[in-house]
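A look at the structure
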Amino acid sequence: MDILAHGLWAGLGLRWLTRRRPPSRAVVAATVAMAVLPDLVHLLPILAWALFDGGTLDGVWRYAFAVPGQEPGLPAWAAAWSHHLHCTLHSAPIAGGATLLLWHWRAWAGLPLAGWWSHIVIDVFTHSAEFYPVPVLYPITYAGFDGIAWNTPWFLAANYLALAARAPALRRGRGR
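Cut-offs applied
- Residues numbered from 1 in each chain as written.
- Predicted model: local features only at pLDDT ≥ 70, side-chain atom pairs only at ≥ 80, totals over all residues.
- Heavy atoms only, no water.
- Helix = DSSP H or I, 4+ residues; strand = E, 2+ residues; numbered from the N terminus.
- Rg over C-alpha atoms; globule rule 2.2 N^0.38 Å.
- Buried < 20%, exposed > 50% of the residue type's maximum accessible area, 1.4 Å probe, protein only.
- Phe/Tyr/Trp six-rings, centres within 6.5 Å; stacked < 30°, edge-to-face > 60°.
- Lys NZ or Arg CZ within 6 Å of the ring centre and 35° of its normal.

Scanning the protein chain from terminus to terminus reveals eight helices and zero strands. The N-to-C order of helical and strand elements in the protein chain reads α-α-α-α-α-α-α-α. On C-alpha atoms alone, the protein chain measures out to a radius of gyration of 17 Å, which is about the 16 Å that the 2.2 N^0.38 rule sets for 176 residues. With respect to the principal axes defined by its C-alpha atoms, the protein chain has extents near 50 × 40 × 30 Å. Looking at the 176 residues of the protein chain, the share that counts as buried comes to 39%.

Bringing unusual backbone geometry into the picture now. In this chain, Tyr138 is followed by Pro139 through a cis amide linkage whose omega measures 10°. The topology assignment puts Pro139 in the loop between helix H7 (110-125) and helix H8 (153-171).

In this section: the packing of aromatic side chains. What the rule picks out here adds up to four aromatic pairs. Just above the ring of Trp16 sits the side chain of Arg19; from NZ or CZ to the centre is 4.4 Å.

Below you can see the structure in the form of structure tokens.
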């Protein structure tokens, strides 16, 4: 799924989960940030390539919005780091380990971590095998589920229509 939709779904999910007791703005911000972070962090090596190793910001843009087979050529180090970060931040075992550590340390971390988990669960089903399949069991395996590509036009439209349809109901307090 695209970065904006991850943030919107996390915000709607948080609103629904906390409909009886609204969270602080800090918890809302942290939850939405954790929902978009996996897709932003894996762009850091691509940005480093653009800024320090002969790449361009246009190359970053083309990478971020590429369709299968049309990604710009990247140096091996940028491609490897980006891939590794993508796998790490889309991994249930890694998210599970972080959840256990943080939950034990601070119980308030549960809602922001739910943002990260929502990202992983959504991406498992909205990434195809040909374009960034989500290795949900990384580092045990690189295998991913062959879902529907989030950038398929009809799916993208349906996703944003569902977001638009759900948002007013939650705003009015009918999010049950």
